Amino acid sequence: MTQFTDTTGAVDELDTPHELTALDRCDACGAQAYIRVVVASGELLFCAHHGRKHEEKLSQIAHSWHDESSRLLTDTRD
């Protein structure tokens with residue numbers, strides 16, 4: 001399940017505007033994005049690595065933080 005956390009720390013586990021797909025790419029390196037950060041000037045997309053790397057600074061200005069990196073741990077094999 002994806003989580004959407006706003007600046008108050010509340011977690012909304014309902015439907016988000018859209019789930020990140022393989023077409024969503026990290027703004028830092030171009031890898032698949034698993035984290036969406038909304039700031040006053042727009043939206044930033046990050047892979048799990050760069051999302052964690054910039055989380056401390058971005059959390060101070062983020063309006064929302066959408067993290068789907070838990071999908072990396074999902075075993076899709078039958």
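Going by an unreviewed UniProt entry, the protein carries the name DUF7455 domain-containing protein and comes from Agromyces aurantiacus.

1. Some words on the overall build of the protein
Within the protein, the secondary structure is distributed over one helix and five strands. Reading the secondary structure of the protein in the N-to-C direction produces β-β-β-β-α-β. Every one of the 78 residues in the protein was classed for burial, and the buried ones make up 31%. A separation threshold of at least 6 residues defines the contact pool for the protein, and within that pool the share at least 24 residues apart is 38%. When the accessible surface of the protein is totalled, it reaches about 5,400 Å², and 51% of it is carbon and sulfur.

2. With respect to the side chain of arginine 36
With respect to the helices and strands, arginine 36 occurs in strand S3 (residues 35-39). Among all residues touching arginine 36, those that are not within four sequence positions of it are His18, Glu19, Leu20, Glu43, Leu44, Leu45, Ser64, Trp65 and His66.

3. A word on the state of the cysteines
Tallied over the full model, the rule gives zero disulfides. Free cysteine: cysteine 26, not disulfide-bonded; nearest cysteine sulfur from cysteine 29 at 3.8 Å.

4. So, the nonpolar core
If you look at the biggest cluster of nonpolar residues, it comprises nine residues: Cys26, Ile35, Val37, Val39, Phe46, Cys47, Leu58, Ala62 and Trp65. A per-element tally of this core places S3 first, with three residues. Each residue touching isoleucine 35, except ones within four places of it in the same chain, is listed here: Leu20, Leu44, Leu45, Phe46, Cys47, Ala48, Gly51, Arg52, Trp65, His66 and Asp67.

5. Looking at the pattern of salt bridges
For the structure shown, the criterion picks out two salt bridges. A salt bridge links arginine 36 to glutamate 43, with the nearest nitrogen and oxygen atoms 3.2 Å apart.

6. As for helix H1 (residues 48-58)
Taken together, the buried positions of H1 are Ala48, His50, Gly51 and Leu58. Projection of H1 onto a plane perpendicular to its axis shows the buried side chains occupying an angular sector of 140°, all on one side. For H1, the exposed residues set more than 90 degrees away from the buried face come down to His49, Arg52, Lys53, Glu56 and Lys57.

Rules used in this analysis
Residues numbered from 1 in each chain as written. Predicted model: local features only at pLDDT ≥ 70, side-chain atom pairs only at ≥ 80, totals over all residues. Heavy atoms only, no water. Helix = DSSP H or I, 4+ residues; strand = E, 2+ residues; numbered from the N terminus. Buried < 20%, exposed > 50% of the residue type's maximum accessible area, 1.4 Å probe, protein only. Contact = heavy atoms within 4.5 Å. Areas by Shrake-Rupley, 256 points an atom, 1.4 Å probe, with all protein chains shown as cover. Disulfide = S-S within 2.5 Å. Core = buried A, V, L, I, M, F, W, Y, C linked by side-chain atoms within 4.5 Å. Salt bridge = Lys/Arg side-chain N within 4 Å of Asp/Glu carboxyl O. Arc of directions from axis to C-beta.

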